[in-house]
Amino acid sequence: MLRPWAQIKAAGQNVNYARKVWQRLNGVYPRECNICGYAGMFRAAGLPPRFDARCPRCLSLERHRHQALWISSNEHALLRNKRILHFAAEPILRKIYSALAARYASADIRGDGADMTLNLEQIDQPNASWDVIVANHVLEHVDDRKALAEMHRVLAPGGLAILSFPIAPLYEKTYENPAIISKADRDLHFGQWDHVRYYGADAADRIAAAGFEVSTFSVGEPYVHRHGITRNTRDFLARKL
Ligand SMILES: [Zn+2]
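Thresholds, definitions, all that
Residues numbered from 1 in each chain as written. Predicted model: local features only at pLDDT ≥ 70, side-chain atom pairs only at ≥ 80, totals over all residues. Heavy atoms only, no water. Donors = N, O, S within 2.8 Å, 3.2 Å for Na, K, Ca; no water. Tetrahedral: all angles 85-135°; square planar, octahedral: opposite > 155°, others 65-115°. Helix = DSSP H or I, 4+ residues; strand = E, 2+ residues; numbered from the N terminus. Buried < 20%, exposed > 50% of the residue type's maximum accessible area, 1.4 Å probe, protein only. Pairing = 2+ DSSP bridges. Contact = heavy atoms within 4.5 Å. Axes fitted to C-alpha atoms, helices over the stretch in contact; angles between N-to-C directions. Phe/Tyr/Trp six-rings, centres within 6.5 Å; stacked < 30°, edge-to-face > 60°. Lys NZ or Arg CZ within 6 Å of the ring centre and 35° of its normal. Domains from an automatic or database assignment. Buried area = accessible area lost by both parts, 1.4 Å probe. Salt bridge = Lys/Arg side-chain N within 4 Å of Asp/Glu carboxyl O. Polar contact = N/O pair within 3.5 Å; in protein donor to acceptor, adjacent residues only side chain to side chain. Nonpolar A, V, L, I, M, F, W, Y, C, P; charged D, E, K, R; others polar. Lys, Arg positive; Asp, Glu negative; His and termini not counted.

For the chain, an unreviewed UniProt entry supplies the name Class I SAM-dependent methyltransferase and the organism Sphingomonas cavernae.

Attention now moves to the coordination of the zinc ion. The zinc ion binds to the protein through Cys33 (SG), Cys36 (SG), Cys55 (SG) and Cys58 (SG); the donor distances cover 2.3 Å. Each of the four donor atoms around the zinc ion contributes to a set of angles spanning 102 to 115°, which defines the coordination as tetrahedral. In terms of primary sequence, the donors binding the zinc ion are separated according to C-x2-C-x18-C-x2-C. With Cys33 in the loop between strand E1 (30-32) and strand E2 (39-41) and Cys58 in the loop between strand E4 (50-54) and helix H2 (62-78), this pair connects stretches of sequence that are 25 residues apart. Classification of Cys33 by relative accessible area gives buried; the value is 5%. Among the residues examined, Cys58 registers a relative accessible area of 16% and is labelled buried.

Turning to the sheet that holds strand E5 (residues 83-87), a few remarks are in order. Within the open sheet, the seven strands sit side by side as E7-E6-E5-E8-E9-E13-E12. Their pairing is mixed. At either end of the open sheet lies a strand with only one pairing partner, and these are strand E7 (116-117) and strand E12 (212-217). In this sheet, strand E13 (residues 235-240) lies alongside strand E9 (residues 155-164) in antiparallel orientation, the contact comprising four bridges. Among the inter-strand pairings, Ile162 is bridged to a residue of E13, identified as Leu237. Sheet contacts for helix H4 (residues 144-154): strand E8 (130-136), E9, E12 and E13; angle to E9, the most-contacted strand, approximately 140°.

So, on to the packing of aromatic side chains. Evaluation of the coordinates by the stated rule reveals five aromatic pairs. Seen from their ring centres, Tyr38 and Phe42 are 6.0 Å apart, and the 35° between their planes marks the pair as tilted. When its relative accessible area of 0% is taken as the criterion, Phe42 is described as buried. Taken together, a centroid distance of 4.2 Å and an interplanar angle of 35° make the contact between Phe165 and Tyr199 tilted. Here Phe165, found in the loop between E9 and strand E10 (175-176), pairs with Tyr199, found in the loop between strand E11 (197-198) and helix H6 (203-208); they are 34 residues apart in sequence, far enough to count as distant. Taking relative accessible area as the criterion, Phe165 reaches 4% and is therefore assigned buried. A residue is classified by how much of its surface remains accessible, and Tyr199, at 1% relative accessible area, is buried. Ring pairing ties together the aromatic residues Phe165, Tyr199 and Phe236, which thus form one cluster. Positioned over the ring face of Trp193 is Lys183, at 4.8 Å from the centre of the ring.

Quick look at the domain arrangement of the chain now. According to the domain assignment, the chain consists of domain 1 (4-54) and domain 2 (62-240). Each of domain 1 and domain 2 has a C-alpha centre, and these two points are 28 Å apart. Tallying the contact residues gives 10 residues for domain 1 and 12 residues for domain 2. Buried surface at the junction of domain 1 and domain 2, both sides included, amounts to about 890 Å², of which 52% is carbon and sulfur. The largest contributions to the domain 1 side of the interface with domain 2 come from Glu32, Asn34 and Ile35, which together make up 57% of the buried area. At the junction of domain 1 with domain 2, the criterion picks out one salt bridge. Here Arg50 and Glu62 are joined by a salt bridge, their closest N and O atoms 2.6 Å apart. Linking domain 1 to domain 2 there are six residue pairs in polar contact (both at pLDDT 80 or more). Elements with a contribution of two residues or more to the side of domain 1 that touches domain 2: E1 and E4. For the side of domain 1 that touches domain 2, the class distribution of residues is four nonpolar, one polar and five charged.

For Glu140, the position within the fold is in the loop between E8 and H4. Buried and without a salt bridge, Glu140 has Arg197 as its closest oppositely charged side chain, separated by 6.7 Å.

We now examine the environment of Thr174. Here Thr174 is to be found in the loop between E9 and E10. With 156 residues separating them along the chain, Thr174 and Ala18 place their C-alpha atoms 34 Å apart. In this structure Thr174 touches Arg197, Tyr198, Tyr199, Gly200, Asp202, Ala203 and Arg206, once residues within four positions along its chain are discounted. A distance of 3.2 Å separates the side chain of Thr174 from the backbone nitrogen of Gly200, its partner in a polar contact. Only 2.6 Å separates the side chain of Thr174 from the side chain of Asp202, close enough to count as a polar contact.

Next comes the structure, spelled out in structure tokens:
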């Protein structure tokens, strides 16, 4: 318990801190959205807040704009007229992928307005039936060995899985602990109540273990500051040989 004078001091510090946060919620620097073309102030998102994260026009976040940069430089060779299956489809990326695909389906384990109800750990689809699978911020919720094996099975030879997840690149090894199961403990250890691991520098090896050839995509400047992209954002491109 803090003494009264210390409580007053702490309250004052909190008020000052909250004021600084409040002043930045509707934008710190003007940015450009590479998805919808908006230029101007972005909004904060997330807890703790990430400033200049959300485009106010198309509602894209940093990672959506990051993947859109990869899409725009690879769409002709890898995405156009392909069969694209998109798990936990983010509305803004759904728009982009579905416009490029010959056949497109969104999929979700609960349905939730998706085209298909599918479990990533046991995908109810025939072998080699899709050319591209997109699964952003899904693997950290599931048994990724099962999920990666299933994606590998469902992809056609030469097919591509586009994957992203939170990563702590300075963790040598992915952090998992099956004893951590309560919501509070998962939030504390893995960063969110329904995450089951925190990926580290071995993330590409875990993907490769399912039989994929793995490469990564990330951008530096001027894209990071111009489009409001988080440093260390990385997309994994997993090719079925
Ligand atoms: Zn936008």
